[in-house]
Amino acid sequence: SGKAKLSTYLKADNQLYFNIRYNYNEELPVAETVDQAFVHYQKGGLSLYAIREAIGEDQVSAALRRLLSKHGAGKSKAFAKDFLQELYQDASPDQIRFIDEQLKKVITYALKIKILSCKALNKGQYQVQLQLNIGKNELQNGKTKALAINDDFDIALFDAQSKPYYLQKHHFLKNDNQISIIL
C-alpha cells in the first residue's frame, strides 16, 4: 500500500528531525517557528501527514481550497492561524485537539513494544500478544509535562522482506497496554 511505501520516508524524516532537534535549546511549535528549518521541513511534513491521517484527505483538501480562495494570488497573505481556522472548520473536538497538538504545541512520544507471546492457531494463523508502553509529553518553557494518552497509533508487523504483514490503527487511553493480534 502507499502508506507502507511512505513509511521509509516518514521514518527517515522522523530520525532527521530528532537528530537536528537536539542541537537546539528550545523548539517552537510548527505554527510559531520562524528560524528552525527542522521544525518547518521535518516536523511540519510529519505533522501534516499525521493530520491528514487523522481527519482525512478530503477534509485537508477542502481546508486548503478554502485557504487558497481567501488568500490566493492578489489577496491577503495567509498565516498559520488562517490555515488552522480552515482545518478546524469541519473538525470534531477530538480532531481539533489533535491538530493543536501537531501544530500549536511541542509534543513528543516515548514508545516501547514488546512481544509477550506468539502462539500457532488453526489454519496457519498466529496469535501475537504485545505489550505497548506509551509516554506522551509536552515541552513548555524548557520543561517536560506528562500528558494523558488518548491517541491512535499504527501497529505494524513485517515479514522477512520488510513488507507489512499487519498494519492497523489502534486507539489507546493509557500508558501501559496489551493487545492481541491474529495473523
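Look a little higher up for the structure.
Every value quoted in this text rests on a predicted model; they were computed, and no experiment measured them.

## Some words on the pattern of salt bridges
This model, assessed by the stated rule, comprises 14 salt bridges. Between E57 and R52 there is a salt bridge, and its shortest N-O distance comes to 3.8 Å. Overall, the relative accessible area of 49% leaves E57 in the partly exposed class. For K70, the salt bridge identified is with E86, shortest N-O distance 2.6 Å. Pair noted here: K70 is in helix 3 (residues 57–71) and E86 is in helix 4 (residues 80–88), with a separation of 16 residues, a long-range link. Residue K70 is classed as partly exposed on the basis of its relative accessible area, which comes to 44%. Bridged by salt links that share partners, the residues R52, E53, E57, D154 and K169 form one connected network.

## Focus: the packing of aromatic side chains
Any aromatic ring pair is given by two values, namely how distant the centres are and how the planes are angled relative to each other. Inspection of every chain in the model, using the stated rule, returns three aromatic pairs. Aromatic pair Y109 and F153: ring centres 5.5 Å apart, planes at 90 degrees, arrangement edge-to-face. Taken as a pair, Y109 in strand 1 (residues 107–120) and F153 in strand 4 (residues 151–158) lie far apart in primary sequence, 44 residues in all. For Y109, a relative accessible area of 28% gives the class partly exposed. Looking at F153, the relative accessible area reads 14%, which means it is buried. With a centroid separation of 6.1 Å and 50 degrees between ring planes, the pair formed by F153 and F172 is classed as tilted. You can see F153 sitting in strand 4 and its partner F172 sitting in strand 5 (residues 164–172), a full 19 residues away along the chain. Under the relative-accessibility criterion, F172 is labelled buried at 4%. Through a chain of ring-to-ring contacts, the aromatic side chains of Y109, F153 and F172 assemble into a single cluster.

## Remarks on the pairing of strand 6 (residues 176–182)
Within a regular strand, side chains alternate between the sheet's two faces. Going residue by residue along strand 6, you find N177, I179 and I181 tucked away on one face and D176, Q178, S180 and I182 left uncovered on the opposite face. Across seven bridges, strand 2 (residues 126–140) lies against strand 6 in antiparallel orientation. Its bridge partner lying in strand 6, Q127 is registered against I182.

## Let's talk about the side chain of T33
Assignment of secondary structure puts T33 in the loop between helix 1 (2–21) and helix 2 (37–55). There is a polar contact of 3.3 Å between the side chain of T33 and the side chain of Q36.

## A look at the packing of helix 2 against helix 5 (residues 93–103)
Running from N to C, helix 2 and helix 5 point in directions that differ by 175 degrees, and their axes come no closer than 10 Å. The angle between helix 2 and helix 5 places the two elements in the roughly antiparallel class. Of the residues in helix 5, those touching helix 2 at S47, A50, I51, A54 and I55 are Q95, F98, I99, Q102 and L103. Split by residue class, the contact of helix 2 with helix 5 holds seven nonpolar, three polar and no charged.

## Quick notes on the environment of I20
Looking at where I20 falls in the secondary structure, it is placed in helix 1. Look at I20 and you get partly exposed, because its relative accessible area is 26%. Not counting chain neighbours up to four residues away, the residues in contact with I20 comprise F38 and Q42.

Thresholds applied
- Residues numbered from 1 in each chain as written.
- Predicted model: local features only at pLDDT ≥ 70, side-chain atom pairs only at ≥ 80, totals over all residues.
- Heavy atoms only, no water.
- Salt bridge = Lys/Arg side-chain N within 4 Å of Asp/Glu carboxyl O.
- Buried < 20%, exposed > 50% of the residue type's maximum accessible area, 1.4 Å probe, protein only.
- Helix = DSSP H or I, 4+ residues; strand = E, 2+ residues; numbered from the N terminus.
- Phe/Tyr/Trp six-rings, centres within 6.5 Å; stacked < 30°, edge-to-face > 60°.
- Pairing = 2+ DSSP bridges.
- Polar contact = N/O pair within 3.5 Å; in protein donor to acceptor, adjacent residues only side chain to side chain.
- Axes fitted to C-alpha atoms, helices over the stretch in contact; angles between N-to-C directions.
- Parallel < 35°, antiparallel > 145°, perpendicular 65-115°, else oblique.
- Contact = heavy atoms within 4.5 Å.
- Nonpolar A, V, L, I, M, F, W, Y, C, P; charged D, E, K, R; others polar.

In short, the description is geometric, and any link to function would need to be established separately.
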